[in-house]
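The residues making up each chain are set out below.
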Amino acid sequence: MNLQFTIYIDASPEKVWSLFTSPEHTRKLYYDCVLRSTFQEGAALEYVGPGNDGPETVHIYGTVLHCEPGRQFSYIEHPGATYYPNHAELSCRVTYTLEPFGACTKLTLLNDEWSEGHPGYQKTADVWPMLLSDIKTYAETGKTLDLGW
């Protein structure tokens, strides 16, 4: 089960990279969540923000597999404990690859290595195109999309 999407963004790879890593940008793109990590291979990561468990709800947690700033970011993720009692058994891999393409950035997202029977797969398949569209819009205009959430 693989989810793969490619989009082209009218922004530099460095600017797009900052959208994934800067608290200022992640708060706007990921519903007031921040990504906490040192971004070193083997380091922990967490998307933390408002949710079921209050302002510090852990929505996703995992481990950094590879981090090459401005080029590639890959990690194993688990849903936060607030979502599933067996959250530690549920995992997948997420890889963002950024490549210069003319004056633009080619962003390829690969979401694979899903644990068997992962209950979040279908929702994730439906949500990635919306999130990637929001990332593109934000990078190009400074505004996020009103997705009705």
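Up top you'll find the structure we're talking about.
In what follows, the accompanying structure is described.

Rules and cut-offs
Residues numbered from 1 in each chain as written. Predicted model: local features only at pLDDT ≥ 70, side-chain atom pairs only at ≥ 80, totals over all residues. Heavy atoms only, no water. Phe/Tyr/Trp six-rings, centres within 6.5 Å; stacked < 30°, edge-to-face > 60°. Buried < 20%, exposed > 50% of the residue type's maximum accessible area, 1.4 Å probe, protein only. Helix = DSSP H or I, 4+ residues; strand = E, 2+ residues; numbered from the N terminus. Axes fitted to C-alpha atoms, helices over the stretch in contact; angles between N-to-C directions. Parallel < 35°, antiparallel > 145°, perpendicular 65-115°, else oblique. Left-handed = near helix turned anticlockwise from the far one by under 90°. Contact = heavy atoms within 4.5 Å. Nonpolar A, V, L, I, M, F, W, Y, C, P; charged D, E, K, R; others polar. Salt bridge = Lys/Arg side-chain N within 4 Å of Asp/Glu carboxyl O. Pairing = 2+ DSSP bridges. Core = buried A, V, L, I, M, F, W, Y, C linked by side-chain atoms within 4.5 Å.

1. With respect to the packing of aromatic side chains
Phase 1: Inspection of the entire model under this criterion finds eight aromatic pairs.
Phase 2: With centroids separated by 5.1 Å and ring planes inclined at 45°, the aromatic side chains of Phe73 and Tyr75 adopt a geometry described as tilted.
Phase 3: Judged by relative accessible area, Tyr75 falls into the buried class, the value being 2%.
Phase 4: Here the aromatic residues Trp17, Phe39, Phe73 and Tyr75 are joined through ring pairs into a cluster of three or more.

2. Some words on the environment of Ala43
Phase 1: Mapping Ala43 onto the fold places it in the loop between strand S2 (34-37) and strand S3 (44-51).
Phase 2: Linking Ala43 and Cys92, residues 49 residues apart in sequence, is a C-alpha distance of 16 Å.

3. A short note on the packing of helix H1 (residues 13-21) against helix H3 (residues 121-141)
Phase 1: Running from N to C, H1 and H3 cross one another at 120°; their axes reach a closest spacing of 11 Å. It follows from the interaxial angle that H1 and H3 lie oblique. Judged by the sense of rotation from one axis to the other, the crossing of H1 with H3 is right-handed. Of the residues in H3, those touching H1 at Lys15, Leu19 and Phe20 are Ile135, Tyr138 and Ala139.
Phase 2: The residue inventory of the contact of H1 with H3, partitioned by class, reads five nonpolar, no polar and one charged.

4. Points about unusual backbone geometry
Phase 1: At Asp32, a residue that is not glycine, the phi angle is positive and equals roughly 70°.
Phase 2: With relative accessibility at 43%, the residue Asp32 sits in the partly exposed group.
Phase 3: Its identity as a non-glycine residue notwithstanding, Glu113 has a phi of 55°, on the positive side.
Phase 4: Residue placement: Glu113 occurs in the loop between strand S7 (104-112) and H3.

5. A closer look at the pattern of salt bridges
It is possible for side chains bearing opposite charge to pair when their charged atoms get close.
Phase 1: Applying the stated criterion across every chain yields a total of four salt bridges.
Phase 2: Between Glu56 and Arg36 there is a salt bridge whose closest N-O contact spans 2.7 Å. Of this pair, Glu56 sits in strand S4 (residues 54-68) while Arg36 sits in strand S2, and the two are 20 residues apart along the sequence.

6. Details of the sheet that holds strand S1 (residues 3-9)
The strands making up a sheet associate through backbone hydrogen bonding, with each pair oriented either parallel or antiparallel.
Phase 1: Reading across from one edge, S1-S7-S6-S5-S4-S3-S2 is the order of the seven strands in this open sheet, with antiparallel pairing throughout. One side of each edge strand has no neighbouring strand; the edge strands of this open sheet are S1 and S2. Neighbour-to-neighbour, the strand axes of this sheet turn through a mean angle of 25°, independent of strand direction.
Phase 2: When strand S5 (residues 72-79) meets strand S6 (residues 92-101), the two strands line up antiparallel, connected through six bridges. Directly across from Ile76, in S6, lies its bridge partner Arg93.
Phase 3: Those strands touched by H1 are S1, S2, S4, S5, S6 and S7, and its axis lies near 155° from that of S6.

7. Description of the nonpolar core
Phase 1: The biggest cluster of nonpolar side chains holds 35 residues, and the ones touching the most others in it are Tyr30, Phe73 and Tyr96.
Phase 2: Elements represented by at least two residues in this core include exactly S1, H1, S3, S4, S5, S6, S7 and H3.
Phase 3: No other element matches H3, which puts nine residues into this core.
Phase 4: Residues within four places of Tyr30 in sequence aside, it is in contact with Phe20, Tyr47, Tyr96, Leu131 and Ile135.

8. Considering the side chain of Ser115
Phase 1: Looking at the element boundaries, Ser115 is found in the loop between S7 and H3.
Phase 2: With a relative accessible area of 15%, Ser115 lands in the buried category.
Phase 3: Leave out the neighbours within four places in its chain, and Ser115 touches Glu89, Leu90 and Ser91.

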